[in-house]
Amino acid sequence: MKSLDQKLGLFSALPVVALLGLAFLAPLVVVALFSIMPAKVFSLANTPDFSAYAVFVQQGYYKSLLWSLGMALASTAILLVVCWPLAYAMAKVFKSFTLVLTIAIVMSLFVSENIRLFGWVLTLMKGGLIEGHFRALTGIGFDSPLYGVPIIVFGLVYVYLPFMLFPLAQGIAMVPDDTRQAAYDLGASRWQVLWQIEIPLAAPGIVVGSLLSFVLAAGALAESKILGGQAVIAIADDIETAFTFGQNWPLGSALSMVLIVIIGTLALFGISKVDLDAIMGRKR
Amino acid sequence: MNSSPFLSLRGVVKSFGNFTALDRIDLDIKEGEFFTIVGPSGSGKSTLIRLLVGMDDLTSGEIRLRDQRIDDTPANKRPTCMVFQSLALFPHMTVGQNIEFPLKLRKEVPDRRRARALELLDLLRLPQSYYDKRISQCSGGERQRVALARALAFDPEILFFDEPLSALDYRLRKTLEKELKDLHARTGKTFVYITHSLEEAMVMSDRIAIMKRGKIEQISVADEIYGAPVSRFVAEFMGEVNLFDVTVAADGSVSSDVLSSRSGVKLVPAGEEARGLLMVRPEYVGFADTADAFDFTMSGPLHGEYALGSRIQYEIETPAGMVTVEKLREDRRTVSEGETMTVGFNVENTHFIDEAS
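Since we're looking at a predicted model, the values are computed, not measured.

### Quick word on the overall build of chain B
Alright, step 1. Helix and strand content of chain B: eight helices and 20 strands.
Alright, step 2. For chain B, the C-alpha atoms occupy an extent of roughly 75 × 45 × 40 Å along the three principal directions.
Alright, step 3. Expressed as a percentage of the 357 residues in chain B, the buried residues total 52%.
Alright, step 4. Long-range pairs, those at least 24 residues apart, make up 66% of the contacts in chain B with a sequence separation of at least 6.
Alright, step 5. Carbon and sulfur atoms make up 46% of the accessible area of chain B, which amounts to about 16700 Å² in all.

### Brief notes about the pairing of strand 19 (residues 340-345) of chain B
Alright, step 1. Looking at chain direction, strand 15 (residues 286-287) of chain B and strand 19 of chain B are connected through two bridges and run antiparallel. Bridged to Phe 287 of chain B within strand 19 of chain B is Val 343 of chain B.

### Comments concerning the sheet that holds strand 5 (residues 68-69) of chain B
Residues and elements named next belong to chain B.
Alright, step 1. Spatially, 2-1-4-5 is the arrangement adopted by the four strands of the open sheet, whose pairing is antiparallel. The sheet terminates laterally at strand 2 (19-29) and strand 5, the two strands that pair on one side only.
Alright, step 2. As paired strands, strand 4 (residues 60-65) and strand 5 are joined by two bridges and run antiparallel to one another. Considered in strand 5, the bridge of Arg 64 is made with Arg 69.
Alright, step 3. Running at roughly 120° to strand 1 (residues 7-16), helix 1 (residues 45-53) makes contact with strand 1, strand 2 and strand 4 of the sheet.

### Examining the sheet that holds strand 12 (residues 254-255) of chain B
Residues and elements named next belong to chain B.
Alright, step 1. Strand order in this open sheet of four strands is 12-11-14-20, and the pairing throughout is antiparallel. The sheet is open, and its two borders are formed by strand 12 and strand 20 (350-354), each paired with just one other strand.
Alright, step 2. Where strand 11 (residues 242-248) lies against strand 14 (residues 274-280), seven bridges are found, and the strand directions are antiparallel. By the bridge assignment for strand 14, Val 248 is matched with Ala 274.

### Observations regarding the interface of chain A and chain B
Alright, step 1. With 16 residues of chain A at the interface, the matching set in chain B holds 22 residues.
Alright, step 2. At the surface where chain A touches chain B, the tally comes to zero salt bridges.
Alright, step 3. Counting the contacts that link chain A with chain B gives four residue pairs in polar contact (both at pLDDT 80 or more).
Alright, step 4. Looking at the side of chain A that touches chain B, the elements with two or more residues in it are helix 8 (177-185) and helix 9 (190-201) of chain A.
Alright, step 5. In terms of residue count, helix 8 of chain A provides more of the side of chain A that touches chain B than any other element does, seven residues in total.
Alright, step 6. For the side of chain A that touches chain B, the residue count by class is eight nonpolar, six polar and two charged.

### Comments concerning helix 12 (residues 235-243) of chain A
Alright, step 1. Those residues of helix 12 of chain A not exposed but buried are Ile 235, Ala 236, Asp 237, Asp 238, Ile 239 and Ala 242 of chain A.
Alright, step 2. Against the buried residues of helix 12 of chain A lie helix 3 (61-93), helix 10 (203-218), helix 11 (222-227) and helix 13 (249-273) of chain A.

### Points about the pattern of salt bridges
All names here are of chain B.
Alright, step 1. One pass over the structure, following the stated rule, counts 29 salt bridges over all chains.
Alright, step 2. The shortest N-O distance in the salt bridge between Glu 62 and Arg 64 comes to 2.6 Å.
Alright, step 3. Taking relative accessible area as the criterion, Arg 64 reaches 25% and is therefore assigned partly exposed.
Alright, step 4. Across the salt bridge formed by Asp 182 and Arg 186, the nearest N and O atoms sit 3.2 Å from each other. With a gap of four residues between them, Asp 182 and Arg 186 both fall in helix 5 (residues 170-187), about one helical turn apart.
Alright, step 5. Take Arg 186: its relative accessible area is 41%, and that puts it in the partly exposed class.

### Brief notes about the domain arrangement of chain B
Alright, step 1. The domain architecture assigned to chain B consists of domain 1 (7-227) and domain 2 (240-354).
Alright, step 2. Placing the centre of domain 1 of chain B and that of domain 2 of chain B at their C-alpha centroids yields a distance of 40 Å.

### Quick look at the packing of helix 12 of chain A against helix 13 of chain A
Residues and elements named next belong to chain A.
Alright, step 1. Across the interface, helix 12 lies against helix 13 with an axial gap of 7 Å and an inter-helix angle of 155°. Relative to helix 13, helix 12 is oriented roughly antiparallel. In the packing of helix 12 onto helix 13, the handedness of the crossing is left-handed. From helix 12, Ile 235, Asp 238, Ile 239, Ala 242 and Phe 243 reach across to helix 13, where they touch Trp 249, Leu 251, Gly 252, Ser 253, Leu 255, Ser 256 and Leu 259.
Alright, step 2. Its residues placed into classes, the contact of helix 12 with helix 13 shows eight nonpolar, three polar and one charged.

### Here we look at the packing of aromatic side chains
Alright, step 1. According to the stated counting rule, one finds 18 aromatic pairs over all chains in the structure shown.
Alright, step 2. Between Trp 120 of chain A and Tyr 158 of chain A the ring centres are 5.5 Å apart and the planes differ by 80°, which places this aromatic pair in the edge-to-face class. Placement of the pair is Trp 120 of chain A in helix 5 (residues 113-124) and Tyr 158 of chain A in helix 7 (residues 149-173), with a sequence separation of 38 residues.
Alright, step 3. Looking at Tyr 158 of chain A, the relative accessible area reads 26%, which means it is partly exposed.
Alright, step 4. Here the aromatic cluster, defined as three or more aromatic residues joined through ring pairs, consists of Phe 34, Phe 161, Phe 191 and Tyr 193 of chain B.
Alright, step 5. It is Arg 114 of chain B that lies over the ring of Tyr 131 of chain B; its NZ or CZ is 4.3 Å from the centre.
Alright, step 6. In this structure, Arg 281 of chain B is placed above the aromatic ring of Tyr 226 of chain B, and the distance from its NZ or CZ to the ring centre is 4.1 Å.

### Focus on the pairing of strand 10 (residues 215-220) of chain B
Regular strands place their side chains on alternate faces of the sheet.
Residues and elements named next belong to chain B.
Alright, step 1. Two strands pair when backbone bridges link them, and strand 9 (residues 207-212) and strand 10 are joined in this way by five bridges, in the antiparallel orientation. Its bridge partner lying in strand 10, Lys 212 is registered against Lys 215.
Alright, step 2. Connecting strand 9 to the next strand, strand 10, in antiparallel fashion are two residues, including Arg 213 with a positive phi near 45°.

### Overview of a nonpolar patch on the surface
Residue and element names in this part refer to chain A.
Alright, step 1. Taken together, Val 16, Val 17, Leu 20, Phe 24, Leu 25, Leu 28, Val 29, Val 30, Leu 33, Leu 44 and Ile 260 make up a surface patch of nonpolar side chains, about 920 Å² in accessible area.
Alright, step 2. The element best represented in the nonpolar patch is helix 1 (residues 2-34), accounting for nine residues.
Alright, step 3. Relative to the assigned elements, Leu 33 resides in helix 1.

### Some words on the side chain of Asp 71 of chain B
All names here are of chain B.
Alright, step 1. If you trace the backbone, Asp 71 turns up in the loop between strand 5 and strand 6 (80-83).
Alright, step 2. Residue class for Asp 71 comes out buried when judged on its relative accessible area of 10%.
Alright, step 3. In this structure Asp 71 touches Leu 58, Gly 61, Glu 62, Ile 63 and Arg 78, once residues within four positions along its chain are discounted.

### Remarks on helix 10 of chain A
Alright, step 1. Between its first and last C-alpha, helix 10 of chain A extends 22 Å over 16 residues, near the 22 Å set by a 1.5 Å rise per residue.
Alright, step 2. Along helix 10 of chain A, the positions that sit buried rather than exposed are Pro 204, Gly 205, Ile 206, Gly 209, Ser 210, Leu 211, Ser 213, Phe 214, Ala 217 and Ala 218 of chain A.

### With respect to the side chain of Lys 14 of chain B
All names here are of chain B.
Alright, step 1. On the secondary structure map, Lys 14 appears in strand 1.
Alright, step 2. For the buried Lys 14, which has no salt bridge, the nearest side chain bearing the opposite charge is Asp 56, at an N-O separation of 4.5 Å.
Alright, step 3. From its side chain, Lys 14 meets the backbone oxygen of Asp 57 in a polar contact 2.7 Å long.
Alright, step 4. If we skip the residues at most four places from it in the chain, Lys 14 touches Phe 19, Thr 20, Ala 21, Leu 22, Thr 47, Leu 51, Asp 56, Asp 57, Leu 58 and Thr 59.

Cut-offs used in this document
Residues numbered from 1 in each chain as written. Chains lettered and ligands numbered in written order. Predicted model: local features only at pLDDT ≥ 70, side-chain atom pairs only at ≥ 80, totals over all residues. Heavy atoms only, no water. Helix = DSSP H or I, 4+ residues; strand = E, 2+ residues; numbered from the N terminus. Buried < 20%, exposed > 50% of the residue type's maximum accessible area, 1.4 Å probe, protein only. Contact = heavy atoms within 4.5 Å. Areas by Shrake-Rupley, 256 points an atom, 1.4 Å probe, with all protein chains shown as cover. Pairing = 2+ DSSP bridges. Axes fitted to C-alpha atoms, helices over the stretch in contact; angles between N-to-C directions. Salt bridge = Lys/Arg side-chain N within 4 Å of Asp/Glu carboxyl O. Polar contact = N/O pair within 3.5 Å; in protein donor to acceptor, adjacent residues only side chain to side chain. Nonpolar A, V, L, I, M, F, W, Y, C, P; charged D, E, K, R; others polar. Domains from an automatic or database assignment. Parallel < 35°, antiparallel > 145°, perpendicular 65-115°, else oblique. Left-handed = near helix turned anticlockwise from the far one by under 90°. Phe/Tyr/Trp six-rings, centres within 6.5 Å; stacked < 30°, edge-to-face > 60°. Lys NZ or Arg CZ within 6 Å of the ring centre and 35° of its normal. Patch = residues over 30% accessible without salt bridge, like charges linked within 9 Å, V, L, I, M, F, W, Y side chains within 5 Å. Expected span 1.5 Å × (residues − 1). Lys, Arg positive; Asp, Glu negative; His and termini not counted.

Pasting the structure below:
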């Protein structure tokens, strides 16, 4: 019976395997191959070289990469701190209100990211919703916080909040109330309960939330374009430019490969550290 | 010894909105005692233990430990510790780390922590090799022992137990009950145990408190609670029982519409007339071959015969209601259902429950 189950299982998995092979793996292979083509060719029938990777180093594209990774790291760290109390409340304190909150946050995803970011521009720009009203009422004006690195990080935090919040709430829900109370009863302070019990037991949620928001933020470009006014260039922006204006597919591919390898390694490392079955609600 | 009680509760009230979960509880627990609080679910026993441990605030009243008020001390500052029903072991730590947790919080040095943990493993009869095991590798009984070791590592003044054995199978429960009693004797600590199981309470406890709807019905040693309950509730909660409505005259003579008694049979004189329940446990009811062998007799058809392992239970449908008789297996009788039987008991094996009080 077991072998029949296994056969059926493999058989049922075929369609999704085919889809993933075609839609996910194939483009990745094409990009990998293009990244080792000479500059500005549009065919894979060329002698491979690593000139595109040389350009990545020589022409300072690594700076964009570092900015992207740095801002992704900053936004992930901020998200962790900002989301923890809210996720905690959603998992343990709010009852039916959690559902209301979930719906409200998910609703925001129904509006395109770009439109929401332009909304922030209208709110924050000089003469916009905030500064304009303030100046009209008091006669005192101030500079817009737009077009800088902090506002890009703010944008990343704002856009990717749901991707941190929900996995985190899921992770915190997995911490049994008894273990927290037991630790407290055994003499732990609230901080000790947080560090020694809650964080380790909520780790799967923390890892999944951090990975999601970091990966998405590292590949984001709308925030740096719209809110940051390209004060710094994100690596995703460089990739887009290389493929479009630059008409340099090998360069775009090489930049993509660097990002994919870094993020892929990170993701595999992170996932290997947590029990995904636990957060998916399967029995261990 | 100190004459003032070790742990004392005075007028402890806990209400949730309009609902009074605990209604003016007064209780004194002695040092080194194994004290068990028994009650059906909803009786308030779990609420009480949460107050004692410090996980909930009381609405009014006070709790004193060695004459010091502790009711406003938070749980992590109280010298008490609880073994949870779920055990609440830390799944991300090894057995050793679990046991050392309270010691680590006190900044005990690693060597001494480890030594103490190994000592406790010995005390709980777990092999020292368990020190590095994961909690998920331990069986139910082993986890129980780890939870106990962790609580003992805390070295509490009082150890509380919230039905820690209720999730285990019968055999293991029986073993651990005895081990717990033994552990109590060896450590000399004060144990306060909560359970809904009368058997558990009887096996282990020095004294038992019976709770009902947020109040304590009776506090006494097991024998007395079993043999001389103060109310119908306690009598029925503490196992099988036969209860008869009777009136006892001032001189102790018993009159009843349902029981026929031998003339001259008297209870210990109460001093004044009282209505109440005459209680007799099934093991004190016998089969009467001649009607005058017992102080009280009644007869009726046999309703059923049940094997309880070492004992046999008979139910007889008498005018006084269903009477339960229990005999050891070796005293089994050959009877058939519907057969008329006469049963009886003696006055010295009865207990009168005055319903007015």
